[in-house]
Every structure is written in C-alpha cells, then in structure tokens.
Amino acid sequence: MRLGRLLVVVWVWGAALVQAGCVGCGDLPVTYGGAGTPAGNCAGGQSNADGTCDTGGDTCQGDSCAPAPTPPSCSDGKQNGAETGVDCGGVCPACSGEQACTSDADCPSPSSCLAGVCAQCTDSAWCADGLECRAGACVADGFAPRVRMAFIPGSTVLRVRFSEPMLRDDSAAGVLNPDNYCVEVADETPEVCTPSDAFWLGSVLTEVDPSTIDIQLPFAPGGGRYTVLVSNVVDRANHALGSPRHADFEVDAPLQLLSATAQGPHRVLLTFSRPVLPGTEAAGSAGCASPSACATRYQLSGATALGDVLSAEVLPAPRDNEVLLTHAGSQRAGQYTVVASGALAPAVGGGSLGAAPMDRAMFTGSGALLSGFQDGPVLVDPFADGTAFTSLAAYRERLVLGTNANGARAVGMDPDGFRPEDISFRFRRDTQKLSGSRGSNTAGSLFPSIGFAGCQGNTFQCGPDNEDGRARFASGTLEGSEWLMISGTRSNGRLGYVYLSRDEDATLDVKYVDLGQALDGTSARSLSAAGFLGGRAYLGIPTRGGPRRPELLALLRAPAADAQGLDAKGNGANGGACKPSAHDVCNLSAHRMPGIGASGSPANAAPVVGIDFVAGFNGKLYLGNNGGLMRATVEQPLDYESSPEHWVSITPSAPEYRAKESITTDKLVELEPADRAWSRMVVFEGHVYLGRNTTAGPQLWRCDPGRVSAPAPATAEDCDAGDWVLVATNGQGDGELSQFDNPDNTRLTLLAVNGGHLYVGYDNAVQGVRLYRSGAGAPASRSDFAAQGLGQAPLQTRFGEAVTVGTGGASYLYLPTSGGSGTPVRLYRQRD
C-alpha cells in the first residue's frame, strides 16, 4: 500500500542530492542523481549542446569527457551520499553494529546513536540527560541512583562512583558540593555518619566522568577501613539517591581490580583501585599491544568465548587507574569475568595486584538482553575458579549468587542481569559466649570468608566459627527488615551459627547469630533447608543417629542495629517450651513429629534425617522429609513437644504415595536437590506443588485444598492428607511416576513459578537436564506442559536451586546447572 510520496533533499559536497521514494512502501531501491553538467564545460569544444561527449556516452567531467559516475546507492558497498554508514543510515535502511550514525533514527532498536556510532549502551553515561541505559537501550530514566563504590586512587584523593550520571555542579543537590559527603571509620551503622578525626575531606571536588567525582584531601589519611555516606544528591533526571547511599573503602589496601564495564561488543573498561603502571613492555605494566603479550596479563571467560585480548591501553590521568581492553570475539548481554595477572603493578608505591578474588571482576556484555533459555547461559563459571555449585537468593530486588571457591566473594546484579557488582564480606565473630555456645575461630574478627573445604582452621581462610565447607544463601524479613542469611558448614560437627546482613553496598557487613542454646548437644554440620515466613526464619538441620534427628529451629529475632551479632537465648535442644516473649530462637522439636522425626510416632528410621524444605501457604509453615509432610495449624507455631496442637501430619493418603518409598541420603553436608525426598514446594494458581523422589523414580504431587475440609484440623483453605493428587503421570512405563515418559529423568529437582508459568525440572545424566513449563491454571497431565530443553550432558546434568526475582512488572527465573565436580556452574535466565 502506498501511503504517499516523499521528497528528500540532502546537501552533500555542496550539491543537492534528490531522492524520490515513498513512505510505507517497504524496501524500495534508492538512487541518487544530480543535474547534468552544462554545455561548454569540456575543453576544446568536445561537448555537445546537451553536455554529452561525442564518444561512448561519456559526459563532461570538469574540462574533459569521462565515463559517467555511478550514482551513490544503498547497495554499492561504500559509505557515500547521505549515508552515515556503509549502505545504511540517512536515506538508506538503519545502520547496525558499529556503523556510523548521526541520530537514533539511523540505528535499529535497541541500538542508539552513541558518539556517532550505532551501539547498544552498556552504561548510562552513554545516554543523554534524562535517559538511563537498560537492556542495551537508552530509555527514560525511572531509576534511583545509588553509590556504587569508593576508593583511594591517590594518597590525597577519594574517588566516589555512582551507578549513573549525576547532577554535576556544586548546588545543594550536586555531586560537586562537599557538604554532601561524610566519612567515618566503618562501623555497624553505615547509614549514620560520625565524621572521623582521622579522615578529613577537602573542599575541592572535580568531575572524573559523568558518574564519578574526586574529592581532594588536605592530607593523606591513616590506614584502615572507612565508610563514605552521601546525602542530598540527585541524578540528571532529578531522582534522589537511593540505597545504598554509602560505600566502604580501605586505605593502604593492595591494588585491586574493582570493576569491569563493557564499552561496546569488543571492548571492556577495567577500573583498578589505584593508578596502574602504563606502557606495554615494562614488567608489571597494565598495557599490551599483541595477543601474546595480552595473554600474560588478562583472561576473559563467560557466556560466550570472547577470543584473544588484542590490546590494553592505560587511560591518561586522572583516569590512569582504568584500562581499556579490546578483544577479538563479540560480546552478548550475558555475564563475563575478567581476571588480571597478579604481576600487574601500581604506578607508584610498589607492590602488585592482590590475589584472588581481588584480581577479577564480572561485567555484563554488550548486546540484546538474554531473556530465554533458548538464548543460552547468561553466565558460565562466574568466578573463573571452576566452582560447580552456587547458591542464589533474591535480596532487595537484586539477585545474589555465590560463594566463590574460597568462600570470600559473591556477585549481585539487577534482575535483568545489568549492574553486576562484586560482593565481599566482613563477618563478625561471637565474643560473648553464652552458655551453650560453640567455639569460634581464634584468628581475630572481621573475617573475609565463610570458609571452604580444606581451609586451615583458626585462620582467616575459614569462617568465624571455623566453617570449612559450602555456603548457602536465603533471604526474608525479620522484625520488619529484609535480611540476607548466609550459613556455612562445619565438617566435623558442632555448627553453631548463621549470619545475617541487611547491608546493600559492595562490602556486606555480616552479623553473627549464635544458635548454641537451641542446638546444645547436637552434631549439626550444615543446614538442609532455610526459609522465611511470618517474620521468622526457619532452619532445618540434618543429623545422624540418636533420638534427636532432625533439628528444626525458628529464629524469632535479628541482631540489633548497633550490635555485632545476636547471642540468641533459646529453649534448649533437650526440651523446654518455646516462649517467644523470652526466647530469640526456638527448637521446634521436629524429632517428635510423626513420620518426620526419629522419636515420632511413627518413627523415621533413616540413619540420617534432615528437613528437605520449609515453605509457606496460606500463612502456615509446611515442611517435609523422607518420612512424610507436616504443616502448622497456626501462623506462629510453638514447639511440637509442648504444643502438638500447632501441628498436623499431611502426608498424602493416596495409594500412589504409599506404593513408593522415598529416597534417603547419608550426606550431612553439601546437600543438593537430588539428595532430597521432597525437592521443593511452590504455590501456583492456588494449588501447592511438591516434587517427590522415590527409589523407583520421581513423582509430581498437587494439593487441591478444597478436596478435604473436615474433620478438624482439616480445612478447605489448607493442604491435608486427602488433598494430594499425583499429576503428569507417565503414559509409558510406570504409571505411578511423573517422568514425562523419559526414564532418564531420574530425579525431580526443580520446581519454580515465574510469571504465569509453572516449571518442573529433572536431573538427567544421559541427555542433560530436562525442563518443562505449563501455563495451565491447574496442570494435571503431561499435555499441559511443554518441553523447554536445555540438555547438554555431561556439562549440565543436574539443577541447583532456582530463584525468581521480580522488578518493575517483569519476573525473571534463574536456573543454575552443573555436571558435578569438575564442570563449572552455568546460569540461565527466563523472563515471563
């Protein structure tokens, strides 16, 4: 359909080029033409009256006859005419990739015209005022800025970097106003600043780039750890500063790689904590000019192979702590890690780059947002250390994953994968020692690690309670505040602590919670389940042998704002009623629960008994293990021993349940979803779903709460024993299993809800992990699900624990996969 004619006149080389075309006609040929050369311009009378020459159709070109020039076109392989790139832009189709441009109209979505080149932004500094970089495009800025980092690049300079370009003047809301900054010695309340006498701020502030300022110091501060708190400032769209408003930094710390930021599909900008040695030849220099030289200085890994690093350039002062890398391969919008050589040296002061993890940083690549499993992993080997397991948590509308191989780092990022940041820890050690508390690491305090297998006890390698194994994350609300929980492992038993942080900056200050009074006399080594519900945190702990297995704790309180931790008063592991008015943590006597515990009736006879999951539905706590299922009858249940009426067994009464035997495990540490009889519980469209693993294979169970509503304590709103229905059963083979007719789907290890979809995932050692999705209101049969693939054995044969993170109306499902020891973890993302 022709919607009309368009006449475009473009001035090029002093002549008017006229293009005729139509609007809305599709991709019609585009040609350029100009007025003919007037007669008489050719020397010696060679031209005819019409300006043509006597031979071969030549035309007058200046004072001679020559072949007629080919008019510029959109297919001649040249940048000519009004084009802003080769055969694109101007009157031609929009440019893509790194083609030149003059406006956003020259570029395909989501690319913008950035510095004369079509590119997808990777930083808001690329965008105009009032715009923010999201998913590679410059869009209207609807986001609050935050303090991203602070560091000392010179002896008398404090550099503060924000998450986006700011108002850069010395007005009341400008980042160049010295009254908007306060520095204190790092303490337990970073949101309140008490100026430090050891750190004086000057009145001269300068702009480094649109997101970064330098504060000149009157003299070099003393060594130690400090916090800078920023107030009043706004971004270019006049948005007030959000959380975090502070950042920790350390004076006299080793050289550290602080961050990495993509600068287009083939470049990444590294930020070090101090100026680095320039040049390409000197020992320790950060620059390089050939792939062979660069290979000795930098390594890149991540979602896709980025090829060789071709060059590295140290930027001029005051940005001489930044290095621009150029690499051969093209990025996409997945996550990448850059590792710098420990031989790199600072420009002044001596020393070298700190050891791992101070030598590496993660960045989001340039490109279109990866929003589906079919796009491939968004992250591979996140810490570049071969870690085969990662724990995920949704914390303050961001994804947190970790820890790395030495338990000292995590990564945080927005739900869409942007604004990744390296996270370090400062764990507090318990020095109070309540009766029943455990021994602690004697190395000191402010531990950087939660520990790792093989760490040396009573050193900073291990955790503050000598934790020496895998960590796990959980998040939720205690006493009205959102907390990130980190729990570790003690391989020799006597685990006595979990750790909580409500910090938001790149260095998490983590407070201890002493669980000793609730665990006295037990041989706890790790958590098998953790979750938050109703202002409490519930912790499941596996134990071996004896009558007290498993353990289930309810943490009722959080550490005070100005305290280093909480020495939790408890009701004791050997009995005593839970009294919330007097206790901070309660042992809920799970060992007495029917089917669940070794001392229940019926008793759970498995040698090792843990809690496979804790979750909520209708405000009530649900839990289960190989012996069955329980739920609370009240929203704040007390211990089973003193208040058995607060609990009811809801183990399925269906014959398909009784026909199969749940799996058991002999593992007390490093538990994975495949080790659990119940992999996970989710709520979807008013129904509860549970994945069960039996010795014969997996089952998928659905609770329809209204099926059974009496006698009490059964209700029409909660799940009871008669409410469970086996769904998605096999059509081939064993009809009492839910394997989607694939006998290699040996363990049901993933249940998740994202947007309007239910996801079910299986470990599969033959074909690789298998994933199925349903958008039906109450999926019951295999036909209600669609296969989502993944596969790729042996690289990914098992699922980790998935998490859903939502923000701004979008919901993202993150799935970790691995092939086990020796195969680094991979992370996938699905937007629904």
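Use the structure listed above.
Just so it is clear, the structure is predicted and the values come from calculations on it, not from any experiment.

Glancing now at the nonpolar core. Counting 27 residues, the largest nonpolar core has Leu 270, Phe 272, Tyr 298, Val 323, Leu 325, Val 338 and Phe 363 as its most contacted members. Listed by contribution, the elements that provide at least two residues to this core are strand E16 (257-262), strand E17 (267-272), strand E18 (298-302), strand E19 (309-314), strand E20 (322-327), strand E21 (335-340) and strand E22 (360-364).

The subject of this paragraph is the state of the cysteines. The tally for this structure, following the rule as stated, stands at five disulfides. The partner cysteine of Cys 182 in its disulfide is Cys 193, sulfur to sulfur 2.0 Å. Disulfide Cys 182 to Cys 193: torsion about the S-S bond roughly -80°, handedness left-handed. With a gap of eleven residues between them, Cys 182 in strand E11 (residues 181-185) and Cys 193 in the loop between E11 and strand E12 (205-209) connect regions that are remote in the sequence. The pair formed by Cys 182 and Cys 193 is uniform in burial state, with each residue classed as buried.

Backbone torsion omega between Ser 243 and Pro 244 reads 0°, so that peptide bond is classified as cis. Positionally, Pro 244 belongs in the loop between strand E14 (224-230) and strand E15 (246-251). Backbone torsion omega between Ala 793 and Pro 794 reads 0°, so that peptide bond is classified as cis. In this structure, Ala 384 is a non-glycine residue whose phi angle is positive, near 55°. As for its placement among the helices and strands, Ala 384 is situated in the loop between strand E23 (379-380) and strand E24 (391-395). Of the residues examined, Ala 384 reaches a relative accessible area of 25% and is grouped as partly exposed. Unusually for a residue other than glycine, Glu 670 sits at a positive phi of about 50°. By secondary structure assignment, the location of Glu 670 is in the loop between helix H3 (655-658) and strand E43 (678-684). Residue Glu 670 is classed as partly exposed on the basis of its relative accessible area, which comes to 34%.

Spatially, the four strands line up as an open sheet ordered E9-E10-E13-E12, and their pairing is antiparallel. With one partner strand each, in any of the chains shown, strand E9 (147-154) and E12 form the two edges of the open sheet. Pairs of neighbouring strands in the sheet enclose a mean axial angle of 25°, with direction left out of account. As judged from the five bridges shared by E9 and strand E10 (residues 157-162), these two strands associate in the antiparallel manner. By the bridge assignment, Ala 150 is partnered in E10 with Val 160.

Turning our attention to the pairing of E11. Across the five residues of E11, four count as buried, placing the element largely inside the fold. As paired elements, E11 and E14 share five bridges and run antiparallel to each other. Following the sheet pairing, Val 183 is matched in E14 by Val 228.

In the structure shown here, the tally under the stated rule is four cavities of 30 Å³ or more. The space that makes up the second largest cavity amounts to roughly 140 Å³. As for the second largest cavity, its lining consists of 17 residues, and the residues nearest its centre are Val 608, Gly 610, Asp 612, Thr 665 and Asp 675. Grouping the amino acids of the lining of the second largest cavity by side-chain chemistry returns seven nonpolar, six polar and four charged.

Once that is clear, we can look at the sheet that holds E15. Adjacent strands of a sheet form backbone hydrogen bonds with each other and so pair up, either parallel or antiparallel. Spatial ordering of the open sheet is given by E11-E14-E15, a layout of three strands whose pairing is antiparallel. The open sheet has two edge strands with one neighbour each: E11 and E15. Strand after strand, the sheet turns through a mean of 30° between neighbouring axes, direction not considered. Here E14 runs beside E15; their pairing, made up of six bridges, is antiparallel. Bridging from a neighbouring strand, Arg 225 pairs with Glu 250 of E15.

The subject of this paragraph is the environment of Gln 792. Within the secondary structure, Gln 792 is located in strand E50 (residues 786-792). Residue Gln 792 is classed as partly exposed on the basis of its relative accessible area, which comes to 40%. The spatial distance from the C-alpha of Gln 792 to the C-alpha of Gln 767 is 6.5 Å, given a sequence separation of 25 residues. Not counting residues up to four positions away in its chain, the partners in contact with Gln 792 are Gln 767, Gly 768, Arg 826 and Tyr 828.

Thresholds, definitions, all that
- Residues numbered from 1 in each chain as written.
- Predicted model: local features only at pLDDT ≥ 70, side-chain atom pairs only at ≥ 80, totals over all residues.
- Heavy atoms only, no water.
- Core = buried A, V, L, I, M, F, W, Y, C linked by side-chain atoms within 4.5 Å.
- Buried < 20%, exposed > 50% of the residue type's maximum accessible area, 1.4 Å probe, protein only.
- Helix = DSSP H or I, 4+ residues; strand = E, 2+ residues; numbered from the N terminus.
- Disulfide = S-S within 2.5 Å.
- Pairing = 2+ DSSP bridges.
- Axes fitted to C-alpha atoms, helices over the stretch in contact; angles between N-to-C directions.
- 1 Å grid on protein atoms, 1.4 Å probe; cavity = no way out; pocket = protein on both sides within 12 Å on 5 of 7 lines; lining within 4 Å.
- Points joined across faces, edges and corners; volume = space filled by probe spheres on them.
- Nonpolar A, V, L, I, M, F, W, Y, C, P; charged D, E, K, R; others polar.
- Contact = heavy atoms within 4.5 Å.

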